[in-house]
Amino acid sequence: MELEKYKIEAHNDDALQTHNRRLAFVAAEVENAEAIIQKLVDFQVAIPSWALGTGGTRFGRFSGGGEPRNLEEKIADIGLLHALNKSSGAISLHIPWDIPENTTNIKALAAQYGIQFDAMNSNTFQDQPGQELSYKFGSMQHVDKAVRQQAIDHNIEVIKYGQALGSNSLTVWLSDGSCFPGQLNFRKAFQNTLESLQQVYAALPADWKMFVEYKAFEPNFYSTTVGDWGQSYLYASKLGDQAYTLVDLGHHLPNANIEQIVALLLMEGKLGGFHFNDSKYGDDDLTVGSIKPYQLFLIFNELVEGMDAKGMNHATDLGWMIDASHNVKDPLEDLLQSVEAIMITYAQALLVDRKKLAAAQADNDVVTAQEVLQQAFRTDVRALVAEARLRSGGALQPLALYRSADIRAQLIKQRGAKTVATGL
Ligand code: LRH
Ligand code: MN
Ligand code: MN
């Protein structure tokens, strides 16, 4: 289904007076409102194709109805999100959960909605029907060369799909590791993985990036072969200039200082991309900003500072993606909340008075340093984010319009109450 333009306009007309009042207030409070609005207009966050259905856990899955039944419907859902917030103009595909049967048609369909193809994700953490060899004991780390070759071939196939769709990056997340001490020779597992990644890297087109995503644990619970940023950095460094580390916020051990990791990876020119989500315990994949919004702000603070120090373009020089899925919310509402949280936090990070912070740091004035950060974090920037949306043709209040336009009910009518989208 499509959200007609007149509905967005009518919604905006109703909300405009209140919005203008809020905007005038914040614009008078902050120094660089115009520049921030422009940066927000440019900033796009990719939506993963597997987040459009209700997520499950290993204990159950409760479909919410109207879930997309195929890739075309997933693209239509992202089209809806993008029409509402104008910040979701990209999709990240997971092969083989979403195999584009006709890449030309899929690319054309996405273009109709203004959607580009972000990083392609390979999958060697599950066995697919008809697959010759099993990944039960790993893929790129496997003791059997034939299994490693199968994983390499799959990744090369994913690159080919990506090329046909106009993507320019590959994210490799491996669940490889071990569940019990003694199960693996760590060095051999690392070497096998490195050699396999090298073969995939060799097939990477010249203008592509390869992202090596790390994760502390799960599904393996004793060791993970790309378990932390140090290991990912090691692989990325050994692979070459086109390889980078990808940070998924949920993939750290509790209380890890993610903002420091981000700062150092950026400094080394090895930060490639992000998977946004939030968590309280592990890889919970909860809505961005729902549990630890201050941590997210501190991460964005480092991103802005580090990217500016290198003269990087915030919108295009890193891969920004949501990687969240959950059991209890309407997935589209959840994604609207996640994108909103990202935009708010990005805007707050742009507000940080960098000169004042640097002076406080030089003076060892710890109190002022904290004040500077919290001054930005405690500023209500929602009107700036809404203004960016308004200027791009989106809705002032995307979630409110999604509900008042009864979009989920229409999707259920169109697709049925019992549809199940592919994904986790
Ligand atoms: C692993 C992960 C990785 C996968 C996705 C489905 O936990 O974060 O990015 O591709 O989830
Ligand atoms: Mn991820
Ligand atoms: Mn994850």
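One structure accompanies this document, and this report is about it. (Residues numbered from 1 in each chain as written. Chains lettered and ligands numbered in written order. Predicted model: local features only at pLDDT ≥ 70, side-chain atom pairs only at ≥ 80, totals over all residues.)

### As for the packing of helix α8 (residues 258-267) against helix α9 (residues 293-309)
Packed helix pairs are specified by the crossing angle of their axes together with the interaxial distance, meaning the distance between the axes. What counts here: The convention used is that axes are lines fitted to C-alpha atoms, helices contributing only their stretch in contact, and that angles between N-to-C directions extend from 0 to 180 degrees. Where helices and strands are cited, they refer to DSSP runs of H or I of at least four residues and of E of at least two residues respectively, numbered from the N terminus. Just so you know how the angles are binned, under 35 degrees is roughly parallel, over 145 roughly antiparallel, 65 to 115 roughly perpendicular, and the rest oblique. Left-handed describes a crossing in which the near helix is turned anticlockwise from the far one by less than a right angle; the clockwise case is right-handed. Residues are defined as contacting one another if the C-beta atoms placed from their backbone atoms lie within 7 Å. For this classification, the nonpolar set comprises Ala, Val, Leu, Ile, Met, Phe, Trp, Tyr, Cys and Pro, the charged set comprises Asp, Glu, Lys and Arg, and every other residue, Gly included, is treated as polar.
One way to put it is that α8 packs onto α9 with a least axis distance of 8 Å and a crossing angle of 15°. Between α8 and α9, the crossing angle belongs to the class labelled roughly parallel. Crossing angle aside, the handedness with which α8 passes α9 is right-handed. Between α8, through I258, E259, V262, A263, L266 and M267, and α9, the contact on the second element is made entirely by Q295, L298, I299, N301, E302, L303, G306 and M307. Looking at the contact of α8 with α9 residue by residue, the classes come out as nine nonpolar, three polar and two charged.

### What to know about the pairing of strand β7 (residues 209-213)
Inclusion rule: Every C-beta atom is placed from the backbone, and the number of other C-beta atoms within 10 Å of a residue's own sets its class: buried at 20 or more, exposed at 12 or fewer, partly exposed in between. By definition, two strands form a pair when at least two bridges between them are found by DSSP.
Burial within β7 is extensive, with four of its five residues counted as buried. By the bridge criterion, five bridges tie strand β5 (residues 169-173) to β7 in an arrangement that is parallel. Paired with T171 across the two strands is F211, which belongs to β7. Inspection of the sheet shows β7 paired to strand β9 (residues 243-248) by four bridges, in the parallel sense. Across the sheet, M210 pairs through a bridge with A243, a residue of β9.

### Topic: unusual backbone geometry
Most peptide bonds are trans, and most residues other than glycine sit at a negative phi. A cis geometry characterises the amide bond from I95 onward to P96, with omega recorded as 15°. Position of P96 among the secondary structure elements: in the loop between β2 (90-92) and α4 (103-112). For N255, which is not glycine, the phi dihedral falls at a positive 65°. Structurally, the position occupied by N255 is in the loop between β9 and α8. Given 7 C-beta atoms within 10 Å, N255 falls into the exposed group.

### Focus on the packing of helix α10 (residues 331-351) against helix α13 (residues 382-392)
α13 packs onto α10 with a crossing angle of 115° between their chain directions and a minimal axis gap of 9 Å. Judged by the angle between their axes, α10 and α13 are roughly perpendicular. Crossing of α10 over α13 shows right-handed handedness. The segment α10 lies against α13, with E340, M343, I344 and A347 engaging R382, L384 and V385. Taken together, the residues of the contact of α10 with α13 sort by class into five nonpolar, no polar and two charged.

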